[in-house]
Structures are given as structure tokens and as C-alpha cells.
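# Coordinate analysis (summary)
Listed below, chain by chain, are the residues.
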Amino acid sequence: MNKPTWLRDLVRFLPLKSQFVLSGNVRDLQAYEIAPDTVAALPLGLCLQRELQSCGYRDVISFSPTVGFGLPGVTNDAELAEVMLRNGLGSENPKTMGLEVLGQLLGSFTGATGEPAALVVDFASRLVNRADALTIAEHTLFTQAQILCHTARSRPAGRERKPFYNSIIWIVERDSDLPDWLTVDNSKLRTIPVAVPDSLTRKSLSQTLLKSLPAAQQASEGQLAQWAETVFRRANLTPWRG
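Just so you know, these numbers come straight off a predicted model, no measurement behind them.

## Brief notes about the sheet that holds strand 9 (residues 167-171)
With mixed pairing, six strands are arranged side by side in an open sheet as 5-4-6-9-1-10. The open sheet is flanked by strand 5 (68-70) and strand 10 (189-194), the only strands paired with a single partner. Going from strand to strand, the sheet's axes swing by 20° on average, the running direction of each strand aside. Bridge count for strand 1 (residues 19-24) against strand 10 is six bridges, and the pairing is parallel. Residue pairing for strand 10: Gln19 is matched across the bridge by Leu189.

Here it is, written out as C-alpha cells:
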């Protein structure tokens, strides 16, 4: 299966842009090839973690307004604190919430000089009440983000010494949820729409999901192919929800 367009776009611009905005179908499960010829439906955050680490990022850290900082798939607070400390995010309680805290730490994160890391700000739409009438705290946060877009510097890392930023990825439902002066005509920020899966992706997923069902364990390849085709046809008749 080919990688979805949004993921190819992200990987292509990682060496060129310091920040990204992902919008659209971001609350759905995403089709991701976890092994050759094996496609799984993963949450967007986990999909990003796998892809970014395969590109050479050591750490992928998440932030959401109600949870604070975290690591996708990790519940060990000691490990989280260690990752935050080595990436310029401080040694305080990793679960500290709020956009004020996030704004204070963005600069030290983008300026950290260790191995490359990415910060995924999930539910970024909820950081703002109204994009056209920001509070002082909201304006301060996104002004800081805009400045860092242009002042962040890439550095060589990994065996091949490829250029890396400490990337910031904002996850929103609509790109208009963030201030337009941050996202529009910003040469160091890339806005990427996440579309619903196409027909080929749906078919790949239907085959993988069918194989995980108990009744499919005794089925022949012919039966599995027939069932997958039926699921594929029905999926194309209804809106996609992973």
C-alpha cells in the first residue's frame, strides 16, 4: 500500500519546514503499513510516532490542553520526565496543563541540541476560543510559535547527517481554527489536509481486519478474498469511520 498523501507530504517537507498544521480527518483511525503487506488502522498520534521515528526522530512527544505532555503508548511518568528533560521541556510535572506552560517551553524545545525530536500538539483547536479575537495568553502563545517558525534552525543528525528541525506539529479540525497570521503565507510552516482513505486503502484494511476475526482462521484464501470484496463494496457505500 502506498502511504497516504498527507503522510508523504509531511515526510517530504520535514527537512524544509519547522512547523506543520494537520487538519481534516484527524480524529479517525489512519491506515498505516506496520509490516510488509500488513496494514493496520492506527490513531493519528501513533501513526505519526511510527513514521517520525522511522525518519530519524528519537522522541515524539504529545501535548493536549487537558492532559498536558505525554508519550504515545507510554504510561511511565519517569520515562516521560526523562524525555522532556533532554528535549528542553523542563523537569516539572509532565502533566502540567495550559497554553501558558506550552508557550514558555516552545523556545527551549526548538532550540534543544540533542537528537531530533517532534512535539505533536493535539486538539490545538481547543487552545483558542476565537481565532479572530485572541486573549492575551493565546496571542502570546501563537506569536511565540510564529517567531520560532522563522528563527528555528535545522541541524545535521543521524548516520547520513540529514537536516532535522525539532519539529512542532499542530493537530486541528480546520486550519482556520488557528490564527491566519500564523498559517497563511508562512514560508516555514506547512499546512497539510488529512483526507478520508481512498478505495485502495479501504480494501487493504478490509483484508487485514478480516484476518483478525476468529471465523477467518479456518477460511481459505479464496473465501477471505470474497469476504474482503464484500466489505470493500459496503464500505464504499457509507462514510468512512475507522
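Structure shown, so let's carry the discussion forward.
## Let's talk about the environment of Leu99
Considering the arrangement of structural elements, one finds Leu99 in helix 4 (residues 99-110). Under the relative-accessibility criterion, Leu99 is labelled buried at 14%. Each C-alpha atom of the pair Leu99 and Phe63 lies 9.9 Å from the other, and the pair is 36 residues apart in sequence. If we skip the residues at most four places from it in the chain, Leu99 touches Leu127, Ala137, Glu138 and Leu141.

## With respect to helix 5 (residues 136-151)
Note: α-helices contain 3.6 residues per turn, so residues at a spacing of three or four share the same orientation. Helix length check: helix 5, at 16 residues, gives a terminal C-alpha distance of 22 Å against a target of 22 Å (1.5 Å per residue), a fit within 8%. Of all the positions in helix 5, only Glu138, Leu141, Phe142, Ala145, Leu148 and Cys149 are classed as buried. Along helix 5, the residues classed as buried sweep out an arc of 115° about the axis, all on the same side. Packed against the buried residues of helix 5 are strand 1, helix 4, strand 9, helix 6 (180-183) and strand 10.

## Considerations on the packing of helix 4 against helix 5
Two packed helices can be described by the angle between their axes and the distance between those axes. For the pair helix 4 and helix 5, the least separation of the axes is 9 Å and the interaxial angle reads 15°. It follows that helix 4 is roughly parallel to helix 5 by the angle criterion. When you trace helix 4 past helix 5, the crossing you get is left-handed. Every residue of helix 5 that contacts helix 4 at Leu99, Glu100, Leu102, Gly103, Leu106, Gly107 and Thr110 is listed here: Ala137, Glu138, Leu141, Gln144, Ala145 and Leu148.

## Comments concerning unusual backbone geometry
With phi around 50°, Phe123 is a residue other than glycine that occupies positive phi space. Here Phe123 is to be found in the loop between strand 6 (117-121) and helix 5. We note that Arg161 has phi near 55°; this positive angle belongs to a residue other than glycine. Within the element layout of this structure, Arg161 appears in the loop between strand 7 (155-157) and strand 8 (162-164). Taking relative accessible area as the criterion, Arg161 reaches 51% and is therefore assigned exposed.

## Focus: the nonpolar core
Membership of the largest hydrophobic core comes to 31 residues, with the highest contact counts inside it found for Phe69, Leu102, Leu106, Leu119, Val121, Leu127 and Trp170. Mapped onto this core, the elements with two or more residues apiece are strand 4 (59-64), helix 3 (77-86), helix 4, strand 6, helix 5 and strand 9. Look past the residues within four positions of Trp170 in its chain and what remains in contact with it is Gln19, Phe20, Val21, Leu22, Leu102, Leu106, Val121, Ala124, Leu127, Phe142, Ala145 and Leu178.

About the criteria used
- Residues numbered from 1 in each chain as written.
- Predicted model: local features only at pLDDT ≥ 70, side-chain atom pairs only at ≥ 80, totals over all residues.
- Heavy atoms only, no water.
- Pairing = 2+ DSSP bridges.
- Helix = DSSP H or I, 4+ residues; strand = E, 2+ residues; numbered from the N terminus.
- Axes fitted to C-alpha atoms, helices over the stretch in contact; angles between N-to-C directions.
- Buried < 20%, exposed > 50% of the residue type's maximum accessible area, 1.4 Å probe, protein only.
- Contact = heavy atoms within 4.5 Å.
- Expected span 1.5 Å × (residues − 1).
- Arc of directions from axis to C-beta.
- Parallel < 35°, antiparallel > 145°, perpendicular 65-115°, else oblique.
- Left-handed = near helix turned anticlockwise from the far one by under 90°.
- Core = buried A, V, L, I, M, F, W, Y, C linked by side-chain atoms within 4.5 Å.

Any functional reading would require information beyond the geometric quantities listed.
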